[in-house]
Amino acid sequence: MPELVFFSGTMDCGKSTLALQIGHNRSARGLQGVIFTRDDRAGEGKLSSRLGLVTDAVEADEGMDVYAHLVDQISRGGRVDYVIVDEAQFLAPVQIDQLARVVDDLGLDVFAFGITTDFRTKLFPGSQRLIELADRIEALQVEALCWCGARATHNARTVDGEMVVEGAQVVVGDVNRQAGEVGYEVLCRRHHRRRMTAGTARAGTLSPDVLPVAAEG
Ligand SMILES: [Zn+2]
């Protein structure tokens, strides 16, 4: 049975690397896939991983009908055996519905990779729709770690090194991490709640503010 699978995780947990690995394994068996992505750090129409691998992909622009795109490709004689979607959190909910239709009506496996929650700990709309529709949800096992060594479960946004919890869900340019002062860091929930990044924790070792954290261990 074809499936819509949502591989979820924090930033830096190896999602894109696994997406590339799945594509590689299937192409090695002679299967042909279509890779969609949105706002990848390597630029439009690219799927890249932090380990440095890059492959071509179809940019799933806002308003693009991904189901119609695949039907069109197949009707032109193109072969499609499976579908990979990276940065799936950036897709519109209606595009996630289209992915479910790709599974049900075209009989293709769809592997979607994405971050579940944003820096405010709120679900991305695309990820919410995936949680609602997916046949299966896999929490990625390559664990990102907080600076304290605990499992990092939350994404923090920093501006000039300070963690912020307000602002637009997606900052234009932030996916390239070249927006100057805007950065991202993964944290455990405790340190996300305390707004303690690696930088502020280092600065805080000289401050009595850190004592309550130390006391709780
Ligand atoms: Zn921590």
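What comes next concerns the included structure. (Residues numbered from 1 in each chain as written. Predicted model: local features only at pLDDT ≥ 70, side-chain atom pairs only at ≥ 80, totals over all residues. Heavy atoms only, no water.)

1. As for the overall build of the protein chain
We count it as follows: Segments assigned H or I by DSSP are reported as helices when at least four residues long, segments assigned E as strands when at least two residues long, and all are numbered from the N terminus. The cut-offs for exposure are 20% and 50% of the maximum accessible area for each residue type, with area from a 1.4 Å probe on protein chains only; residues under the lower value are buried, those over the upper are exposed, and the others partly exposed. Only heavy atoms enter the contact rule, under which two residues are in contact if any of them lie within 4.5 Å. Accessible surface area values rest on a Shrake-Rupley calculation with a 1.4 Å probe, where residue burial reflects the displayed protein chains alone.
Within the protein chain one finds 7 helices and 11 strands. Looking at the protein chain as a whole, 42% of its 217 residues qualify as buried. Look at the contacts in the protein chain between residues 6 or more apart in sequence, and 73% of them connect residues 24 or more apart. A total accessible area of about 11,100 Å² is found for the protein chain, and carbon and sulfur atoms account for 49% of it.

2. A short note on the packing of aromatic side chains
Which entries qualify depends on this criterion: Any two rings among Phe, Tyr and Trp, with Trp reduced to its six-membered ring, count as a pair given centres within 6.5 Å; such a pair is stacked if its planes are under 30 degrees apart, edge-to-face if over 60, and tilted if neither. When the NZ atom of lysine or the CZ atom of arginine is within 6 Å of a ring's centre and also within 35 degrees of its normal, the charge is said to sit over that ring.
This structure, assessed with the given rule, holds 3 aromatic pairs. Both rings, one in Phe7 and one in Phe113, keep their centres 4.7 Å apart while their planes meet at 10 degrees; by these two values the pair is stacked. Here Phe113 lies in strand E7 (residues 109-115) and Phe7 lies in strand E1 (residues 4-9), a separation of 106 residues in the sequence. The exposure classification of Phe7 matches that of Phe113, with both residues buried. One aromatic cluster is present, formed by Phe7, Phe111 and Phe113 through successive ring pairs. Residue placement shows Arg26 over the ring face of Tyr82; its charged tip is 5.5 Å from the ring centre.

3. Considerations on the pattern of salt bridges
Any two side chains of opposite charge can pair if their charged atoms end up close together. We count it as follows: A side-chain nitrogen of Lys or Arg and a carboxyl oxygen of Asp or Glu constitute a salt bridge if their distance falls within 4 Å.
Throughout the structure, instances matching the rule amount to 11 salt bridges. Measuring nitrogen to oxygen at the nearest pair gives 4.0 Å for the salt bridge that ties Arg38 to Asp39. Beyond isolated ion pairs, a larger network of salt bridges with shared partners links Glu3, Arg136 and Glu138.

4. Here's the deal with unusual backbone geometry
Even without glycine at this site, Glu87 takes up a positive phi of about 55 degrees. Within the fold, Glu87 resides in the loop between strand E6 (82-85) and helix H3 (93-106). With a phi angle near 55 degrees, Arg195 is a residue other than glycine that sits in the positive phi range. Here Arg195 is to be found in the loop between helix H5 (189-193) and helix H6 (198-204).

5. With respect to the side chain of Gln98
When you line up the elements, Gln98 lands in helix H3. Taking the relative accessible area as the measure of exposure, Gln98 reaches 14% and is therefore buried. Other than its neighbours up to four places away in sequence, Gln98 contacts Met64, Asp65, Val66 and Tyr67.

6. Topic: the sheet that holds strand E11 (residues 182-187)
What counts, and what does not: A strand pair is defined by DSSP finding two or more bridges across the two strands. Angles run from 0 to 180 degrees between N-to-C directions of axes, and those axes are lines fitted to C-alpha atoms, restricted for helices to the stretch in contact.
If you walk across this open sheet you meet the 3 strands as E10-E9-E11, and the pairing is antiparallel. Unpaired on one side and paired on the other, strand E10 (162-164) and E11 mark the two borders of the sheet. Each strand of the sheet is rotated relative to its neighbour by a mean of 45 degrees, with strand direction disregarded. When strand E9 (residues 154-159) meets E11, the two strands line up antiparallel, connected through 6 bridges. Looking at E11, one finds that Thr158 is bridged to Gly183.

7. What to know about the coordination of the zinc ion
Put simply, the rule is: Because water is not among the atoms used, a metal site may look incomplete, as its donors are only the N, O and S atoms within 2.8 Å, or 3.2 Å for Na, K and Ca. Working rule for geometry: tetrahedral if four donors all subtend angles between 85 and 135 degrees; square planar for four, octahedral for six, if opposite donors exceed 155 degrees and the others stay between 65 and 115; irregular in every other situation.
Coordination sphere of the zinc ion, protein contribution only: Cys146 (SG), Cys148 (SG), Cys188 (SG) and His191 (ND1), at 2.1 to 2.4 Å. Viewed at the metal, the 4 donor atoms of the zinc ion are separated by angles of 98 to 117 degrees, and the geometry they form is tetrahedral. All donor residues of the zinc ion come from one chain, and their arrangement in sequence is C-x1-C-x39-C-x2-H. With a gap of 43 residues between them, Cys148 in the loop between strand E8 (136-139) and E9 and His191 in helix H5 connect regions that are remote in the sequence. Looking at Cys148, the relative accessible area reads 38%, which means it is partly exposed. Look at His191 and you get buried, because its relative accessible area is 4%.

8. Here's the deal with the nonpolar core
This is how it is decided: By nonpolar core is meant a set of buried Ala, Val, Leu, Ile, Met, Phe, Trp, Tyr and Cys residues that side-chain atoms within 4.5 Å join together.
Core analysis: the biggest nonpolar cluster contains 24 residues, and Leu4, Phe36, Val83, Val85, Leu99 and Val110 have the highest contact counts within it. Elements that contribute at least two residues to this core include exactly E1, strand E2 (33-37), helix H2 (66-75), E6, H3 and E7. Residue contributions to this core peak at 5 residues, all from H3.

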